[in-house]
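What follows is the residue order along each chain.
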Amino acid sequence: MNKQAKFKTPRRPPAKRPPNNQKDPVGVYCRVRPLGGEDEECCIEVISSTTIQLHAPEGFKINRNGEYKETQYSFKKVFGVSVSQLELFEHVAKPLVDDLIHGKNGLLFTYGVTGSGKTFTMTGCPGQGGLLPRSLDMIFNTIGPYQAKRYVFKTDDKNGMEVQCEVDALLERQRRESNLSVPKTPSSRQKIDPEIADMIKTEDAYKADGVDEDSSYSIFVSYIEIYNNYIYDLLEESQEDAIKPKWNGGGTPVRQNAELMPPQSKTLREDQNHNMYVAGCMEVEVKSAEEAFQVFWRGQKKRKVANTRLNRESSRSHSVFIIKLAQAPLDADGDNILQDKNQVTVSQLCLVDLAGSERTGRTGAEGTRIREAGNINQSLLNLRTCIEILRENQMCGTNKMVPYRDSKVTHLFKNYFDGEGKVRMVVCVNPKADDYEETVLVMRFAEMTQEVEVARPVDRPICGFTPGRRHRNQAFKEELSRKLEERGGPTDKDVSSAINYVGLSLPPLPFSELTDPHDDITLPRLIEALQNRHRIREMMIEDYNKAANLMKSKLQEVDSNLISKDNVIHEQNSKLAEKDKVIQSNKAEIERLEKKTKMQEHKIDILQKTTKIYEDDKRSLHNELETREQRLQRELSEKRRMEQRLHGMVSDTQYKWEKECERRVNAMQLEMQNKLWVKDEKLKQLKAIVADNKASDRPNPPPRQTQTQSQPKPQTQSQLQPPPKPQRPSREERLPAKRSASPSPLPTTTPVRPLHRRSRSAGGEKWVDHKPSSNLDLGTVLQPVIPNAIQVSAPNEKALSKCDRYVLTHQEVASDGEIQTKLIKGEVIKTRGGGQAVHFTDIETLKQELTAVPSRKRKSSEGVPANGNQSDGAWTDVETRCSVAVEMKSGSNMGPGYEHHGITKRRKP
């Protein structure tokens, strides 16, 4: 049963995407740059609108037939040297801008050798705007009337977008304007930087079709560069050359003098939809194409460029300009933006200007430039590797892991190759002959990229509101304002006009014209009318006072309610203030942790670099060690072969001399034994004659068996042991002395082996007495006793290490059926490996004989039989014995005590 792991955050499930089996290949376009001079050799020819042909320059490489090798490459479309920036934009970037406005992502990057026109294709020059300014102009021409007010859309720093109400947006605008210390970026063409002025002409303006009028749009741009595989934000306010002191973790400066503080590298992270984005990257909201391009140009001035031999302003980093379009539908009335984050659609278009691949030998790079070129070439190689593995997985059905994480460029755009949008590539080539080798590699990679297919992005869901809401709301407002204007709508009147209105509401005065001061008719009529008006006025004042009192009471009630509400609001404000303090403290803690995280990430990067350096050093040292070990092994093998050869020669020579010495010794020993045997026989004959003569003088005693006749004399071990057989030349053999079988043998001298002397001091040697458990106890009187010995039943390393001599007791059945014991002796030698080896030197044989065995010796008194045939008694004849010799071969086991076949010695005539 598997136990669930504790304290482990479960992985967030991936976002559910509708299945889409439709795929589109990567669109690859080729653009040929004009030659710099008319006298330069051209190696590229445009054959058709989709095919180009490469010619090998003179003196480069030729095929077997001696002709120049020509290769052709096909693309989706080929743009020649006379193509305009507008035509290139129509075919390459315009479809991506249409997809951006309709909620789909897009990726466009330029690729090629350094100096092939990639930056010009992407940016352009005054009067000839590139793909980037034309894309911005088309976007704002399309969504200009439908843009939301500034700060209505707000980024959440997690690659998402939020929608604020109008009041929050107004407060945000006021706060930003109050904190803004510099004036706004000018949006008019007259105040734009002259370097980027007139990028796009009015007649070249484009506008997308099918825009959703019932949505509000907002554009955010960001600009980053990937330099030495590190990501830097080009829109940050802090300058790279700002002089700041470095601080350590304790808050004190590391050094007294100020040092240059490089910009902080950004990190790649994954949002909730598993899309990659640059964390902490500044996203600027722009409201016009001029403002957006001005922001781009401000970051472009910070980009890493350098002067090389091939390009005056060579890009030393990969630049990525991201255009993010946020759109949200209007509510059912068509007046305000729908306050629902789930209804916000965010699409982005990435315009990438890759740095050109280069060879340091051609560019003349030194120092930092070599490192920059190495990082550029490595990142482009990683891009090519990812494309190759994607192509192999799709064509061969394999499931190899694509190494996106090996480079920041491939890791950032991983989602596009996995089906998050269209991918387009513009391959820029320089037709001059010096770039032929690198151009061939670029052409092969570009042609292979076309075989990679990317899943087609799905359309965004349609909102359930009735279309045409914005138009109906605008028409309603226009009609309402017209009606109010016709009816003289409500206007603000002053106090005099109100008084006049009240005066007009009173009864009119009668016509009165006085012609006579004593007129009694007109004056009373006028007095009556004035009294009537005064009465009406009093009534109106009374009504007004009543209304005023009523209003006053109501106002007092309202004031009391407002006071109570103010108290409640004051209490709530105090609570909010406390909450704000907590929030501020939390924000400060978050900022501190973020700074600490950035510092830790920076330390991690430094440690990773150091680890990589150490690993490279370790790898190089390991390779050097292996090389030296191989060389040492070869030398040891040569030495071993030489030693074996010399040892073989020495062994052969020693074996030859030992055989020769052995042959001579055996021959001499045989000769001496023969002489000794002949003398013994003569002595026996003489002794027998003397005994016969003495016996003839006295009477014969009764026959009795003497010890010599009845019992054989016990023989010593040296008499019973035959001479040993010759062993291998490396062993020293022991040749025991041969004694005569006569009753009175002559004294002989036993030869002593020069390498095995017994004259060593007592107790000076330690023996390993190896007696197997299978040996039989013979019960004899004489037993081999070895002093100062270690008895073992099986040899072991511990016993051998303590002794310098070795003896093995071996028993076997002899030819006569008796048990024969052999003592095999040797010397213990230490080996080079720290072990012990036994070098056997000689063998001693111990044998027991019974008395029942008849003696092989013949009596001297036996005579010759009557039939005249010689028997064993015939050997007693002196003349016969003297005329017989024994012939023995070298190394034979025959000796004086054994039965021999006599060969009649040839006599002299």
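Novice: Describe the sheet that holds strand 25 (residues 767–770), with residues and values.
Specialist: Here we have 5 strands laid out as an open sheet, ordered 26-25-27-28-29, and mixed in their pairing. Two strands close off the open sheet at either side, each with one partner strand: strand 26 (789–792) and strand 29 (836–847). Pairs of neighbouring strands in the sheet enclose a mean axial angle of 25°, with direction left out of account. When strand 25 meets strand 27 (residues 805–813), the two strands line up parallel, connected through 4 bridges. Bridged to D769 within strand 27 is V807.

Novice: Tell me about the side chain of T142, and please be specific about residues and values.
Specialist: Of note, T142 is situated in helix 4 (residues 131–143). Once residues within four sequence positions are removed from consideration, T142 is found in contact with I101, K207, A208 and V211.

Novice: Lay out the environment of K207 in plain terms, naming residues and giving numbers.
Specialist: Along the chain, the position of K207 falls in the loop between helix 5 (166–179) and strand 12 (215–227). Put simply, K207 and N141 are 66 residues apart on the chain and 5.6 Å apart in space, counted from C-alpha to C-alpha. If we skip the residues at most four places from it in the chain, K207 touches M138, N141 and T142.

Novice: Kindly report on the packing of helix 4 against helix 6 (residues 289–300), identifying the contributing residues and their values.
Specialist: When two helices pack together, their arrangement is captured by the angle between the axes and the distance separating the axes. Running from amino to carboxyl end, helix 4 crosses helix 6 at an angle of 150°, the nearest separation of the two axes being 9 Å. Relative to helix 6, the element helix 4 lies roughly antiparallel. When you trace helix 4 past helix 6, the crossing you get is right-handed. Contacts between helix 4 and helix 6 involve L132, P133, L136, D137 and F140 from the former and A289, A292, F293 and F296 from the latter. For the contact of helix 4 with helix 6, a count of residues per class yields 8 nonpolar, no polar and 1 charged.

Novice: Residues and numbers for the side chain of N430, please.
Specialist: Within the secondary structure, N430 sits in the loop between strand 23 (421–429) and helix 11 (436–449). There is a polar contact of 3.4 Å between the side chain of N430 and the backbone oxygen of G115. Excluding anything up to four places from it in sequence, N430 contacts R33, I44, G115, S116, D435 and T439.

Novice: With reference to specific residues and values, describe helix 6.
Specialist: End to end, helix 6 covers 16 Å across 12 residues, agreeing with the expected 16 Å (1.5 Å per residue, within 8%). For helix 6, a buried count of 11 out of 12 residues is recorded, marking the element as mostly surrounded by other parts of the structure. Restricting attention to buried positions, one finds in helix 6 the residues A289, E290, E291, A292, F293, Q294, V295, F296, W297, G299 and Q300. Structurally, helix 6 contributes buried residues whose contacts are with helix 3 (118–122), helix 4, strand 12, strand 18 (284–286) and strand 21 (318–329).

Novice: So what about the nonpolar core? Which residues, and what values?
Specialist: Core analysis: the biggest nonpolar cluster contains 56 residues, and I52, F75, F413 and M443 have the highest contact counts within it. With residues up to four places along the chain from it excluded, the contact list for F75 reads V28, C30, T50, I52, M443, A446, E447 and Q450. Core analysis: the second largest hydrophobic core is formed by 45 residues, F89, A93, M138 and F321 among them.

Novice: Break down unusual backbone geometry for me, with residues and values.
Specialist: The phi dihedral of N159 falls on the positive side, at around 65°, and the residue is not glycine. Relative to the helices and strands, N159 resides in the loop between strand 10 (153–155) and strand 11 (161–163). If you check the backbone angles, H274 has positive phi at about 65° while not being a glycine. Structurally, H274 can be placed in the loop between strand 16 (267–270) and strand 17 (276–279).

Novice: Explain helix 5 residue by residue, including any values.
Specialist: The end-to-end C-alpha distance of helix 5 is 20 Å, a good match for the 20 Å that 14 residues give at a rise of 1.5 Å each. Residues A169, E172 and R173 constitute the buried set of helix 5. What you see down the axis of helix 5 is that its buried residues fit within an arc of 100°, all on one side. Seen from the buried face of helix 5, the exposed residues on the opposite side, beyond 90 degrees, are V167, S178 and N179.

Novice: Can you lay out the pairing of strand 17 for me, pointing to particular residues and giving the numbers?
Specialist: The two faces of the sheet receive side chains in turn, since in a regular strand these alternate between them. Sheet topology note: the strand 16/strand 17 ladder contains 4 bridges and is antiparallel. Bridge assignment links L268 to a residue of strand 17, and that residue is V278. The antiparallel hairpin formed by strand 16 and strand 17 contains 5 residues in its connecting segment, where H274 sits at a positive phi of about 65°.

Novice: I'd like to hear about the sheet that holds strand 3 (residues 44–46), residue by residue, with values.
Specialist: If you walk across this open sheet you meet the 3 strands as 3-4-5, and the pairing is antiparallel. Each having just a single partner strand, strand 3 and strand 5 (70–74) make up the two edges of the open sheet. This sheet shows a mean twist of 25° between the axes of neighbouring strands, independent of strand direction. Here strand 3 pairs with strand 4 (residues 51–55) via 3 bridges, running antiparallel. By the bridge assignment for strand 4, E45 is matched with Q53.

Novice: Account for the packing of helix 1 (residues 85–92) against helix 4, with residues named and values stated.
Specialist: Running from amino to carboxyl end, helix 1 crosses helix 4 at an angle of 65°, the nearest separation of the two axes being 10 Å. Judged by the sense of rotation from one axis to the other, the crossing of helix 1 with helix 4 is right-handed. Within the contact between the two elements, helix 1 uses Q85, L86, L88 and F89 and helix 4 uses L131, R134, S135 and M138.

Novice: Now, about the pattern of salt bridges: what can you tell me, with residues and values included?
Specialist: Evaluated as defined, the whole model comprises 29 salt bridges. Where D353 meets R303, a salt bridge forms, and the shortest distance between an N and an O atom there is 3.1 Å. Of this pair, D353 sits in strand 22 (residues 345–353) while R303 sits in the loop between helix 6 and strand 19 (305–306); the two residues are 50 residues apart in sequence, bridging distant segments of the chain. R303 carries the same exposure label as D353, and that label is buried. Across the pair K546 and E542 runs a salt bridge whose closest N-O atoms are separated by 3.9 Å. Residue K546 and its partner E542 are located together in helix 14 (residues 522–697), separated by 4 residues, close to a single helical turn. Overall, E542 belongs to the partly exposed group, its relative accessible area being 44%. Each of E172, R175 and R176 takes part in a single network of salt bridges with overlapping partners.

Calculation notes
Residues numbered from 1 in each chain as written. Predicted model: local features only at pLDDT ≥ 70, side-chain atom pairs only at ≥ 80, totals over all residues. Heavy atoms only, no water. Pairing = 2+ DSSP bridges. Helix = DSSP H or I, 4+ residues; strand = E, 2+ residues; numbered from the N terminus. Axes fitted to C-alpha atoms, helices over the stretch in contact; angles between N-to-C directions. Contact = heavy atoms within 4.5 Å. Parallel < 35°, antiparallel > 145°, perpendicular 65-115°, else oblique. Left-handed = near helix turned anticlockwise from the far one by under 90°. Nonpolar A, V, L, I, M, F, W, Y, C, P; charged D, E, K, R; others polar. Polar contact = N/O pair within 3.5 Å; in protein donor to acceptor, adjacent residues only side chain to side chain. Expected span 1.5 Å × (residues − 1). Buried < 20%, exposed > 50% of the residue type's maximum accessible area, 1.4 Å probe, protein only. Core = buried A, V, L, I, M, F, W, Y, C linked by side-chain atoms within 4.5 Å. Arc of directions from axis to C-beta. Salt bridge = Lys/Arg side-chain N within 4 Å of Asp/Glu carboxyl O.

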